[in-house]
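# Working through the structure, step by step
Chain residues, written in single-letter form:
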Amino acid sequence: MTSNLRCEALVRLIAATCVLFATANAHAVNPDVSRTCSGVCEIQVEYRNGDISFGSGFLVDREHGLVVTNFHVINGGFRGTLSFEGIDQRFAFESCGYSIENDLAILRVDAKAHASVLEKVWEFELAGVDPAPASTVFAIGYPGGLGFTVKRGIVTALRVWGTQIDPNGTNAKFGIDPASRWIVHDCGTKRGNSG
């Protein structure tokens, strides 16, 4: 399978599941949380007008250098870089697949050129099932581009966008798939945690 086809298939898989990416062993004050954090990256996107924005992402395929983020993090940008938590090196990336309706994007870094770095970071796995309400969750990322944060909370509910979150289509302008499932949690997030 070519890399582009792999990226497109991954976007479809993620859009179809729309579930939280986490590890079953990630608990507070547990070394697994620190190890998991290494797979999270800060994404910096540059725009032609000179603006710069920040977001977060996470590694899902070490062999091919694939990172998941939200589509709105990269939308409109003309180039970008990312850096993994704890590694003082930035890598150029390219977008290799996205779903506007599900606000998801797959980025690719040069896996061969950066193999030694990618071997050191956590590779997230797609969850096979939705998390149950009251499950522990973590919001890991770079809010506001000001630094790395980890917040802990619980899943408070699972909702379907078109019937339970926006049944009247008030937010139709965002183009979100009405059938998409959303995980509601109480982790505090800010601009820059996207991804």
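Heads up: the structure comes first, above all this text.
About the cut-offs
Residues numbered from 1 in each chain as written. Predicted model: local features only at pLDDT ≥ 70, side-chain atom pairs only at ≥ 80, totals over all residues. Heavy atoms only, no water. Helix = DSSP H or I, 4+ residues; strand = E, 2+ residues; numbered from the N terminus. Contact = heavy atoms within 4.5 Å. Areas by Shrake-Rupley, 256 points an atom, 1.4 Å probe, with all protein chains shown as cover. Salt bridge = Lys/Arg side-chain N within 4 Å of Asp/Glu carboxyl O. Buried < 20%, exposed > 50% of the residue type's maximum accessible area, 1.4 Å probe, protein only. Pairing = 2+ DSSP bridges. Core = buried A, V, L, I, M, F, W, Y, C linked by side-chain atoms within 4.5 Å. Axes fitted to C-alpha atoms, helices over the stretch in contact; angles between N-to-C directions. Polar contact = N/O pair within 3.5 Å; in protein donor to acceptor, adjacent residues only side chain to side chain.

Our focus in this paragraph is the overall build of the protein. If you tally the helices and strands in the protein, you get five helices and 10 strands. Taking all contacts inside the protein whose residues are at least 6 apart in sequence as the whole, residues at least 24 apart take part in 66%. For the protein, the accessible surface area stands at approximately 10,600 Å², while carbon and sulfur atoms represent 52% of it.

Below, the discussion takes up the pattern of salt bridges. This model, assessed by the stated rule, comprises four salt bridges. Note that glutamate 46 is salt-bridged to arginine 79, the shortest N-O span being 3.0 Å. A residue pair is termed long-range when its members are at least 10 positions apart, and glutamate 46 in strand 1 (residues 40-46) and arginine 79 in strand 4 (residues 79-84) qualify at 33 residues. The exposure class of glutamate 46 is partly exposed, given its relative accessible area of 24%.

Looking now at the pairing of strand 9 (residues 149-160). Summarising the sheet, strand 8 (residues 136-141) and strand 9 pair through six bridges and their orientation is antiparallel. Looking at the pairing, glycine 141 lines up with threonine 149 of strand 9. Relative to strand 10 (residues 181-185), strand 9 is paired through five bridges, and the arrangement is antiparallel. Note that in strand 10 the partner of valine 155 across the bridge is histidine 185.

Attention shifts here to the sheet that holds strand 2 (residues 52-61). Read across the sheet, seven strands follow the order 5-4-1-2-3-7-6 without closing on themselves; strand pairing throughout is antiparallel. Looking at which strands have only one partner, the edges of the open sheet turn out to be strand 5 (91-92) and strand 6 (94-99). Both strand 1 and strand 4 contribute to a ladder of six bridges, which runs antiparallel. Across the sheet, the residue bridging to glutamate 42 is serine 83, located in strand 4.

Of note, serine 38 is situated in the loop between helix 2 (31-37) and strand 1. A residue is classified by how much of its surface remains accessible, and serine 38, at 12% relative accessible area, is buried. Filtering out sequence-adjacent residues up to four positions away, serine 38 remains in contact with Phe84, Glu85, Lys120, Val121 and Trp122.

Now for the nonpolar core. The tendency in soluble globular proteins is for nonpolar side chains to be buried side by side. Membership of the largest hydrophobic core comes to 21 residues, with the highest contact counts inside it found for Ile43, Ile74, Leu82, Phe84 and Phe93. Where this core is concerned, the elements lending two or more residues are strand 1, helix 3 (71-74), strand 4, strand 7 (104-108) and helix 4 (115-118). In contact with leucine 82, other than residues within four places in its own chain, are Cys41, Glu42, Ile43, Val67, Gln89, Arg90, Phe91, Phe93, Leu107 and Val109.

Among the structural elements, threonine 136 can be located in strand 8. Judged by its relative accessible area of 41%, threonine 136 is partly exposed. Taking C-alpha positions, threonine 136 is 4.5 Å from isoleucine 154, a pair spaced 18 residues apart along the chain. When near neighbours in sequence (up to four residues on either side) are disregarded, threonine 136 contacts Arg152 and Gly153.

Turning to unusual backbone geometry, a few remarks are in order. Despite not being glycine, aspartate 103 shows a phi value in the positive range, around 55°. Even without being glycine, alanine 134 reaches a positive phi, approximately 85°. One can find alanine 134 in the loop between helix 4 and strand 8. Assessed through its relative accessible area of 53%, alanine 134 is described here as exposed.

The next subject is the sheet that holds strand 9. In space, the three strands of this open sheet follow the order 8-9-10, with antiparallel pairing throughout. What marks the edges here is a single partner per strand, and that holds for strand 8 and strand 10. The mean inter-strand angle of the sheet, taken between neighbouring strand axes irrespective of direction, is 55°.

Here aspartate 166 lies in the loop between helix 5 (161-165) and strand 10. For aspartate 166, a relative accessible area of 6% translates into the label buried. Within the structure, aspartate 166 has its side chain in polar contact with the backbone nitrogen of asparagine 171 (distance 2.8 Å). If near-sequence neighbours (up to four positions away) are discounted, aspartate 166 is found in contact with Trp161, Asn171 and Ala172.

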